[in-house]
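# A look at the structure
Okay, here's what each chain looks like letter by letter:
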Amino acid sequence: MSDLFAEEARAEELRKLLQYHNHRYYVLDDPEIPDVEYDKLLRELQQIEADRPDLRTIDSPTQRVGGAALDAFEQVTHAIPMLSLDNAFDDDEFAAFDQRVKDRLSRSATVRYAAEPKLDGLAISLRYEQGVLVQAATRGDGTTGENVTANVRTIGSIPLRLSGNDYPEVLEVRGEIFMPKAGFDALNERQRAKGEKTFANPRNAAAGSLRQLDSKITATRPLAMYCYGLGEVVGHSMATSQSENMRLLANWGLPTSPELKVCKDSAECAAYFASIGERRDGLAYDIDGVVFKVDQVELQKQLGFVARAPRWAIAQKFPAQEQLTLLEAVEFQVGRTGALTPVARLKPVFVGGVTVSNATLHNMDEIERKDIRVGDTVIVRRAGDVIPEVVSAVLSDRPDDAKPIHMPEQCPVCESQVVRISGEAVARCTGGLFCQAQRKEAIKHFASRKAMDIDGLGDKIVEQLVDEQLIKDPADLFALDVATVAKLERMAEKSASNLISSLDKAKHTTLPRFLFSLGILGIGETMAMNIANTLGSLEAVQKLTLHDLVELKLSQAKAFLKYASALPKELRVPMMQPPMDLKWCSSAHIELLAEQYDSVADLLKQSPEALVNQPTISIEGLGDVLAEKLVMFFRQPHNQDVLNKLIAAGVQWPAIEKVDVSDSELSGLSFVLTGTLSQPRESYKARLLAAGAKVVGSVSKNTNYLVAGESAGSKLSKAESLGVPVLDEAAIEAMLAKSGF
Ligand code: IVH
């Protein structure tokens, strides 16, 4: 066989292989080969096609990347019109539909319904001729749509060629194109990072992405599709039911809903509707109801159509998750950390199944970006259990006297100054625990389930206790007695004594929970756990200094001295205002130096070497910023008072058993990790640290081992030139296993 034929055969083989793996990846969600392998195959095919343009076919997987931009979409007339659906807004309306269907059919007919979620995207019609995707068109007005073939080709789950060979000469399938929620969030994140416009919801994002004139842009958008029906079919008989037809489509490699179910009566339909409703938030994509279709094609034919919708199908809708209402005012709520959150006071509106009169506006940046003003008509969204939010303002409805929203300069609760640190999205009240609002939130956090887990201490009780000045800090909780608590609103002797006994019970806690319950800014559950496990006791945590934790390199010390003369005399400046504009210099560095030197003059006498600091304690995930927050927290006298009161009240935890790593073979050895490993580097790092080893960033002659994964680069060559032993994954696994880690 000549080379020319060999190339042609290989191209054909590659197309088949890629089509197969594409289907496994996008449609079955069950890839067989890693992405890099897929890319290799794709690149090989691209290369062949570049050398031999005559071998490029329109169904080639290489054609998914997007082509030249269009000026406008061409119009497409649908061979069979694309219809719409009637809606049912509750069970009664569904029952009426079911009755209408039965009234029209002969009494002997037993109607079944094919049920599946109603996807919130946009309708599309795909046309396959001889198994090859030749056209994709939007619904448009139902008769004429837009030709979006180039864009649809970029959607991974849509086959460019049907599988098998037993398919119709012409097959038109109809379905919904949508954007999965995770892809939507990631897209908006990227848009925000680029300073570009974000999308209000996945539906808009899907529509905007599909109607791009430049298919290269569509190719970057995470779109997906499920088929739900047929258009023109020529030269092949189809099945006798909707559900069977969907199975045929799936066999040809087309994506269909995994939620499709046949219901044999209206009771099963109601159960299906309820169960999808319960699972709605957990689905990977937005849906707005359930579509029920008479399953038997013969019965569909008998029922026919009215105006623009079939008589044999109905969309039963969930309560709408978005509504319009009036933004009457904006108030600022103060959280545990002092963060001020703008809260919208709305004209009450029924949305997502409940009446909503308050919704979050997130933060000032969001308000400015969306240009929301008091007096605007706004879109309010409440999805599932998520807090209601203001999505956007209807700018065309804005009254002349709409008022811009400003962050207050003083805390609305305690009147302390409000500051916003540059680079942070939030503004905070500086009142700390002097602020009633922060005090309440701090105590609620202390009592919460993942913290001290005080059963029966609800938010309302905490608020009353603080308002009536019965408690000022978390430790005061343990001084409460039944008589005092029983006097509170909605409390009785019994509930009061229950609360007192759960307070007693909560005194027996664990060190990680206790550290978490203190509500130190940025110290979450995991970090509290890491701190507790590394240090083992509260005393050790209290003794921490920045010296123990913060690194100051020689280069930083030099830069610092160069600029230090421009500093205020006093090194220690309010934490909220970093003293100068040196990128590397965090307030942790300033604090670290202020611990040792009294004034700038003192500091300027030092050599850069004297300023260098090498941390002695490494806590997984704890960087400079958190280190400073942690150390500063324990240094505040009023925090120390609260800690002492808590311990005196009997709060206690079992000692932490620290693993003794001193006799581990890895103890004290220095490792560098590089290249692609089968597990995240962080996980190897954590295990090595646990075994007492050090993990550093660059290879030097002091490095004991380099762990090199795939495609390791300069670090590997450096290790080889320095004679540092190189380990592969199997070797490091064996070493860790031997030491019991
Ligand atoms: S069946 C004859 N099934 O809802 C029309 N439609 O409100 C057959 N939709 O234009 C439509 N998910 O774009 C059907 N599982 C589903 C659907 C669905 C979403 C859309 C479709 C239609 C619109 C009607």
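Here the structure is a predicted model, which means the values were calculated and not measured. (Residues numbered from 1 in each chain as written. Predicted model: local features only at pLDDT ≥ 70, side-chain atom pairs only at ≥ 80, totals over all residues. Heavy atoms only, no water.)

The next subject is helix H13 (residues 459–467). If you check which residues of H13 are buried, you get Ile461, Val462, Gln464, Leu465 and Val466. The inward-facing, buried residues of H13 abut helix H12 (436–447) and helix H15 (493–506). Immediately downstream of H13, the backbone of Gln469 shows phi near 55 degrees, a positive value. (Buried < 20%, exposed > 50% of the residue type's maximum accessible area, 1.4 Å probe, protein only. Helix = DSSP H or I, 4+ residues; strand = E, 2+ residues; numbered from the N terminus. Contact = heavy atoms within 4.5 Å.)

With respect to topology, four strands assemble into an open sheet ordered S5-S4-S7-S8, the strand pairing being antiparallel. Edge positions in the sheet fall to strand S5 (132–138) and strand S8 (224–234), since each of these pairs with one other strand and no more. On average, each strand axis in the sheet is tilted by 25 degrees relative to the strand beside it, whichever way the strands run. Of the strand pairs in this sheet, strand S4 (residues 122–129) and strand S7 (residues 170–178) are connected by eight bridges, and their pairing is antiparallel. From the neighbouring strand, Ser125 faces S7, where its bridge partner is Arg174. (Pairing = 2+ DSSP bridges. Axes fitted to C-alpha atoms, helices over the stretch in contact; angles between N-to-C directions.)

Backbone geometry places Glu415, a non-glycine residue, at a positive phi of 65 degrees. Checked against the element boundaries, Glu415 lands in the loop between strand S18 (389–393) and strand S19 (418–419).

This part takes up the side chain of Ser209. Mapped onto the fold, Ser209 is located in helix H6 (residues 202–210). The class for Ser209 is buried, based on a relative accessible area of 0%. Within the local environment of Ser209, its side chain forms a polar contact with the backbone oxygen of Ala205, the two atoms lying 2.6 Å apart. In terms of polar contacts, Ser209 uses its side chain to reach the side chain of Arg221, at 2.9 Å. Apart from the residues within four sequence positions on either side, Ser209 is in contact with Met179, Thr218, Arg221 and Leu223. (Polar contact = N/O pair within 3.5 Å; in protein donor to acceptor, adjacent residues only side chain to side chain.)

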